[in-house]
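Coordinate inspection notes
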Number of protein chains: 2
Amino acid sequence: MTNPDIRDAIMTATYEALCEEGYSDLTAQAIADRTDRSKSALFYHYGSREAIVAEFIEYLIEGIELRVAKTRDRPALERLAAFVDWFLSEPDDDERAFHTALLELRAQAPYNDVFRAKLRESNDRLQRALEEILRDGLEEGVFQAHDPEAVAALLLAAFDGAQIRQVTLGRNEYLETIRAGTVDHVLADILKPDVEFPETVAFEFPPDERLRDSSTADERTERDTVR
Amino acid sequence: MTNPDIRDAIMTATYEALCEEGYSDLTAQAIADRTDRSKSALFYHYGSREAIVAEFIEYLIEGIELRVAKTRDRPALERLAAFVDWFLSEPDDDERAFHTALLELRAQAPYNDVFRAKLRESNDRLQRALEEILRDGLEEGVFQAHDPEAVAALLLAAFDGAQIRQVTLGRNEYLETIRAGTVDHVLADILKPDVEFPETVAFEFPPDERLRDSSTADERTERDTVR
DNA sequence: GGGACCTGACTGACTAGTCAGACAGTGACC
DNA sequence: GGTCACTGTCTGACTAGTCAGTCAGGTCCC
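Residues numbered from 1 in each chain as written. Chains lettered and ligands numbered in written order. Predicted model: local features only at pLDDT ≥ 70, side-chain atom pairs only at ≥ 80, totals over all residues. Heavy atoms only, no water.

If you check an unreviewed UniProt entry, chain A appears there as Transcriptional regulator, TetR family from Natronorubrum thiooxidans.

See the structure below:
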């Protein structure tokens, strides 16, 4: 169903609407306004607003997979640093807006089986990506013996918690505090004693090219103190 | 403003409505239905739905403070175990429903200055309570030298992340994994080498007595597979 | 009689989803 | 080449419903 062009248009429109309006104001109209089609066209292609959102999560998952794949040839320690940095470096305005909306969306998962299933998949891929880094580090001999599954889960929980607190409380310091705590208390146990966790990243975790901010990020300024 | 009886009635009604309907369905009517007043009475006492929610967060904060105070005479290690257990033990249905709704509410904080300010305060009290435990443990000589502020932040982020993932992904295993990881990797650095983190809690973190489930928790059963 | 408290009926704004019909393209058939 | 039937895509207008908040008026107590 649906030719790829219009699907892509609807997905990026959804992304923009999410960033600009948040999830709870993500109306079918708000999405349509950001395409060159009418609201009815949305319902023609996807039967419901919910289906659009479900597809959007799918779209994000594809993005994650693509982005993880790009990093696989790097050494494990560099990848770990990039992963940490991805979650715990201070977001720009667009990133923050997106995290904010995504949190609202995630908060609906308990009420919505489809969202929950898709978010699970997204989470599992992330978890597996991190486990892979940890396992590769063991093989490369830079990490000490540990349980990659448990450590990955702990790290993701801490990162996620930090990000959510940063977004909901509006406190950027949080990220740096948690990063330092993670490096000192968790990664210290993981790295071989002679291995230092890099101060700066060797490369940035690649962004989702499809969601490169097409909208000229300026008309968004006076809309900042919202709702 | 407002006599304490009706305030209390509205707050517990808000709590019940949140648990049963979630935040995004928390309408003024849903709250009123759980009091013996009409919806108009709500608007008479609080000027808006938002004000009710803001007051409710306040109400929760008072509860936390009360509950933390009750535990202050216990040894630090016991308190730490109770704190960990509070966040990371498997919730019953009511607790889970409440966490779910609270997450929705927290997800609105970025858009709402009042909510954000109150949630910050709530968070700060929690952080201070945990720091206090850590400092007391240092004084009691059961903990090794560490930075209580940073460790408290790390623990709270990890706990919060674990709880959110458990709620949004519907996976209870998460909590146990994170608890084990926290004990092995973070608390291992904090406790003196000869001190063992308790397997079982000496006491439960006290619940909020005011929110004791007054509604006979049975009519809620067939409404479980919702929305 | 005045104020505190409360109610039911109502309004206005908003939204998901529907539907009848428009229109452009395509292929068949004369 | 022209016409006709048909299909996929799309639209504007509409429906049915929801919800926050208002308001005129009522009761009860001082």
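The rest of the description comes next.
1. Considerations on the relation of the copies chain B and chain A
The two copies are related by a screw motion: chain B maps onto chain A through a turn of 180 degrees and a shift of 0.0 Å along the axis, at an RMSD of 0.0 Å. Put plainly, the chains are arranged around a two-fold axis. Comparing interface residues between copies, 100% of those in chain B also lie at the interface in chain A; the contact surface is shared. (Least-squares fit on C-alpha atoms with pLDDT ≥ 70 in both. Contact = heavy atoms within 4.5 Å.)

2. A few points about the UniProt feature "domain: HTH tetR-type" (unreviewed entry) in chain A
Mapped onto this numbering, the UniProt entry gives "domain: HTH tetR-type" (unreviewed entry) at residues 4-64 of chain A. Summarising residues 4-64 of chain A: 77% helix, 0% strand, and an end-to-end C-alpha distance of 19 Å. (UniProt positions renumbered as here; feature names shortened; annotations may be inferred. Helix = DSSP H or I, 4+ residues; strand = E, 2+ residues; numbered from the N terminus.)

3. Things to note about the interface of chain B and chain A
Note: interface size is frequently given as the accessible area lost on complex formation between the parts. Counting from both sides, the interface comprises 48 residues of chain B and, opposite them, 49 residues of chain A. Note on chain B versus chain A: buried area summed over both sides is about 4000 Å², and carbon and sulfur give 57% of it. Per-residue buried area on chain B facing chain A is highest for B:Tyr111, B:Arg165 and B:His185; these three make up 18% of the total on that side. Across the pair B:Arg171 and A:Asp124 runs a salt bridge, and its minimum N-O distance is 2.9 Å. (Buried area = accessible area lost by both parts, 1.4 Å probe. Salt bridge = Lys/Arg side-chain N within 4 Å of Asp/Glu carboxyl O.)

4. Let's talk about the protein's contact with DNA strand D
Taken together, 15 residues are adjacent to DNA strand D, and A:Arg37, A:Ser38, A:Ser40, A:His45 and B:Lys39 come closest. Sugar plus phosphate: this is where 52% of the atoms of DNA strand D within 4 Å of the protein reside. Take A:Ser40: an N or O atom from its side chain is 2.4 Å from a base oxygen of DNA strand D. Tallying contributions element by element places helix α3 (residues 39-45) of chain A first for the surface near DNA strand D, with four residues. Each residue belonging to the surface near DNA strand D can be placed in one class, and the counts come to five nonpolar, six polar and four charged. (Near = heavy atom within 4 Å. Polar contact = N/O pair within 3.5 Å; in protein donor to acceptor, adjacent residues only side chain to side chain. Nonpolar A, V, L, I, M, F, W, Y, C, P; charged D, E, K, R; others polar.)

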